[in-house]
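An overview of the molecular structure
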Amino acid sequence: MKVVVHGLTKEYITAQGSVRALGGVNLEVRDREFFGVIGPTGCGKTTLLHIIARLELPSTGTVEFVGEQRTKSPVSMVFQDSALMPWRTVEENVPLGAEFRNEEPSVYKRISRFFLEVVRLLDFAGARPHELSGGMKQKVAIARALANDPEVILMDEPFANLDAQTRLLMREELLRIWERDKKTVILVTHNIDEAVMLCDRIAVMSARPGLIKEVVTVDIPRPRTMKSMRDPDFAKCTEKIWGLLRYDVDSALQRNLV
Ligand SMILES: Nc1ncnc2c1ncn2[C@@H]1O[C@H](COP(=O)(O)OP(=O)(O)OP(=O)(O)O)[C@@H](O)[C@H]1O
Ligand SMILES: [Mg+2]
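This write-up is about the structure you can find in this document. (Residues numbered from 1 in each chain as written. Chains lettered and ligands numbered in written order. Predicted model: local features only at pLDDT ≥ 70, side-chain atom pairs only at ≥ 80, totals over all residues. Heavy atoms only, no water.)

Now for the site of ligand 1. Close to ligand 1 lie 14 residues; Thr41, Lys45, Thr46, Thr47 and His190 are nearest. Between ligand 1 and the protein, one listed contact pairs a nitrogen atom with a side-chain N or O atom of Tyr12 at 3.5 Å. Thr41 places a side-chain nitrogen or oxygen 2.5 Å from an oxygen atom of ligand 1. Computed on the free molecule, ligand 1 has an accessible area of 630 Å², of which 65% lies beneath the protein chains in the complex. Only strand 1 (2-14), strand 2 (17-29) and helix 1 (45-52) provide two or more residues apiece to the shell around ligand 1. Of all the elements, helix 1 adds the most residues to the shell around ligand 1, at 3 residues. When the residues that make up the shell around ligand 1 are grouped by side-chain class, the tally is 4 nonpolar, 7 polar and 3 charged. (Near = heavy atom within 4 Å. Polar contact = N/O pair within 3.5 Å; in protein donor to acceptor, adjacent residues only side chain to side chain. Areas by Shrake-Rupley, 256 points an atom, 1.4 Å probe, with all protein chains shown as cover. Helix = DSSP H or I, 4+ residues; strand = E, 2+ residues; numbered from the N terminus. Nonpolar A, V, L, I, M, F, W, Y, C, P; charged D, E, K, R; others polar.)

If you want it as structure tokens, here you go:
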């Protein structure tokens, strides 16, 4: 499914006054595209994902899912902190979507085991979240998003809490999963290398109120692995994105300091 975002603005009203988080975002994410969103802290990336996921309403503008829905749900979200239910086992955390749809327990058990296999965590089906490493928890969160059978997966800095090495492995893991069953993915990240390695196109946002500055196309052939980072186009692409981000990251930083 294609995601079309048109004229999106968001103003939060708080006790301290109003905050303009998004200043008019226009985007078109293609069917089965791996699309990145990168931008300075506080520019409205999470707000944008929440509005696309319908967890939040925009002040103005629209989000449309265009195309036939071939799956059970339009959209799933992977949160930064995995957001697992601590009292449930891994196996019980995965099939939430199926449970909400009142499917048979035997059905959602099968779904759960299938997606735990996809993320290679079947051996931990009976474990509880506190018994897992950070990377494993994120994999459960990814399995849960896939098990919901969505057309579109939204990921909000899914690897931000992981150490650098695990992060590298998780990128490859995510690519492997995506190559298997291409979904439309919108990934928010602060990591330029990560965005370039994973995405077909990357929207670079300006500081708050967030706007799309430019959409950069990544012309690195797939399937990609860590070796793709040595492709000369990889460096060109990261430099281009950093060039677009630099001024805004700096000014966001200045603003937060004063
Ligand atoms: N529920 C809320 N109520 C009031 N203000 C909010 C709320 N959520 C976000 N904001 C404000 O909106 C702006 C954008 O926040 P958002 O979380 O979308 O940014 P972000 O780009 O995801 O930042 P980061 O990169 O740090 O995660 C910030 O100034 C933030 O303070
Ligand atoms: Mg955020």
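So, next bit.
Once that is clear, we can look at the pattern of salt bridges. By the definition in use, this model includes 23 salt bridges. Here Arg30 and Glu33 are joined by a salt bridge, their closest N and O atoms 3.9 Å apart. Judged by relative accessible area, Arg30 falls into the partly exposed class, the value being 48%. Linked through salt bridges whose partners overlap, the residues forming this network are Asp31, Arg32, Arg70 and Glu151. (Salt bridge = Lys/Arg side-chain N within 4 Å of Asp/Glu carboxyl O. Buried < 20%, exposed > 50% of the residue type's maximum accessible area, 1.4 Å probe, protein only.)

For the rest of this paragraph, the subject is the sheet that holds strand 1. Within the open sheet, the 3 strands sit side by side as 2-1-4. Their pairing is antiparallel. One side of each edge strand has no neighbouring strand; the edge strands of this open sheet are strand 2 and strand 4 (60-66). This sheet shows a mean twist of 20° between the axes of neighbouring strands, independent of strand direction. Sheet analysis places strand 1 next to strand 2, joined by 10 bridges and oriented antiparallel. If you follow Val4 over to strand 2, its bridge partner there is Glu28. Contacting strand 1, strand 2 and strand 4, helix 1 crosses the sheet at an angle of about 120° to strand 1. (Pairing = 2+ DSSP bridges. Axes fitted to C-alpha atoms, helices over the stretch in contact; angles between N-to-C directions. Contact = heavy atoms within 4.5 Å.)

This paragraph deals with unusual backbone geometry. At the junction of Arg208 and Pro209, the peptide bond is cis and its omega measures out at -5° in the coordinates. Checked against the element boundaries, Pro209 lands in the loop between strand 8 (201-205) and strand 9 (212-217). With omega at 0°, the peptide bond leading from Arg222 into Pro223 counts as cis. Among the structural elements, Pro223 can be located in the loop between strand 9 and helix 8 (232-257). Here the phi dihedral of Ser82 falls at roughly 65°; this positive angle occurs in a residue that is not glycine. When you line up the elements, Ser82 lands in the loop between strand 5 (73-78) and helix 2 (90-93). In this structure Ser82 comes out as buried when scored by relative accessible area, which is 4%. You will see that Ala83, though not glycine, has its phi angle at about 50°, which is positive. Checked against the element boundaries, Ala83 lands in the loop between strand 5 and helix 2.

Looking now at the layout of surface pockets. Computed from the structure, the largest pocket encloses a volume of approximately 300 Å³. In terms of lining residues, the largest pocket is bounded by 13 residues, among which Ser76, Met77, Phe79, Arg144 and Asn148 are the most central. Looking at the lining of the largest pocket, the elements with two or more residues in it are strand 5, helix 3 (96-100) and helix 5 (134-147). Here the lining of the largest pocket is composed, by residue class, of 9 nonpolar, 3 polar and 1 charged. (1 Å grid on protein atoms, 1.4 Å probe; cavity = no way out; pocket = protein on both sides within 12 Å on 5 of 7 lines; lining within 4 Å. Points joined across faces, edges and corners; volume = space filled by probe spheres on them.)

Once that is clear, we can look at the packing of helix 4 (residues 105-118) against helix 5. Relative orientation of the contacting elements helix 4 and helix 5 amounts to 130°, with a least axis distance of 9 Å. Between helix 4 and helix 5, the interaxial angle falls into the category oblique. Note on packing geometry: the crossing formed by helix 4 with helix 5 is right-handed. Residue-level contacts link Ile111, Phe115 and Val118 of helix 4 to Ala143, Leu146 and Ala147 of helix 5. Considering only residue class, the contact of helix 4 with helix 5 consists of 6 nonpolar, no polar and no charged. (Parallel < 35°, antiparallel > 145°, perpendicular 65-115°, else oblique. Left-handed = near helix turned anticlockwise from the far one by under 90°.)

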